[in-house]
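# Examining the three-dimensional arrangement
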Amino acid sequence: MKTFSVKIKEAREELKLNQQQLGELVGVSKRSIAAYETTDTKPRGNIARKLAAALQVSVDFLLNDEITDPKYGIEKAPYIEEARERLGPKAAKEMDVLLEQNVALFAGGALDQEAKDAFFEAVMKAYLKCKEEARKTYGRKKEMD
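Bear in mind the structure is a predicted one, so any value in this text is a computation, not a measurement.

What counts as what
- Residues numbered from 1 in each chain as written.
- Predicted model: local features only at pLDDT ≥ 70, side-chain atom pairs only at ≥ 80, totals over all residues.
- Heavy atoms only, no water.
- Phe/Tyr/Trp six-rings, centres within 6.5 Å; stacked < 30°, edge-to-face > 60°.
- Helix = DSSP H or I, 4+ residues; strand = E, 2+ residues; numbered from the N terminus.
- Buried < 20%, exposed > 50% of the residue type's maximum accessible area, 1.4 Å probe, protein only.
- Polar contact = N/O pair within 3.5 Å; in protein donor to acceptor, adjacent residues only side chain to side chain.

### So, the packing of aromatic side chains
One pass over the full model with this rule turns up 3 aromatic pairs. Summarising the aromatic geometry, the rings of phenylalanine 4 and tyrosine 36 are spaced 6.1 Å apart at their centres and angled 80° between planes, so their arrangement reads as edge-to-face. In this pair, phenylalanine 4 is assigned in helix H1 (residues 4-14) and tyrosine 36 in helix H3 (residues 30-38), connecting sequence segments 32 residues apart. Judged by its relative accessible area of 3%, phenylalanine 4 is buried. Judged by centre distance (5.8 Å) and plane angle (55°), the rings of phenylalanine 119 and phenylalanine 120 are tilted. This pair shows no difference in class: phenylalanine 119 is buried, exactly as phenylalanine 120 is.

Okay, here's the thing in C-alpha cells:
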C-alpha cells in the first residue's frame, strides 16, 4: 500500500519530470510539489485533478492509499468533469458515486472500453436529464459547495 506522497514521487520520476517541471504543469510551486512528496499534505479539488492529469493517473489512485492501479477509475473522469462543468462540484461528486456504484452491474466481468464508454454515456445522459427536469419542476438551487 503506497501513500499519496510515494505515488506522486514515483509517477513524476516515471515521466522523467523534476519537481519544478511538474509544478509548472500543475500551476503550483516546486515547494508545493516537494511538500506533497515528503509530507502527508494532500491537495484539494482542482489541484488534485491537475496533478492526476499531469502524471497520467487517476485522482482515485492518487488520493486513496488502498488503490494500487494508477489507471483505476480513469475512464469515468471525463463524465465527472462534464458534470462538474455543467452543474458544479456537487454534481461531480454525485456522478462519481453513481458511476462507481453501477460498476457492480458488470458482476466482475470484463468489458471492453467501448462497452464501458457506452454505459458511462448512458448513465451520464440519464443523470443530466433528471437534473434538468428537477430544475424545471423545482427551480435552480444555488450550489453550497
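### Brief notes about the environment of serine 29
Relative to the elements of secondary structure, serine 29 occurs in the loop between helix H2 (19-26) and H3. For serine 29, a relative accessible area of 35% gives the class partly exposed. Spatially, the C-alpha atoms of serine 29 and glutamine 19 are 8.5 Å apart, while their sequence positions differ by 10 residues. A polar contact of 3.0 Å, which involves the side chain of serine 29, links it to the backbone nitrogen of serine 32.

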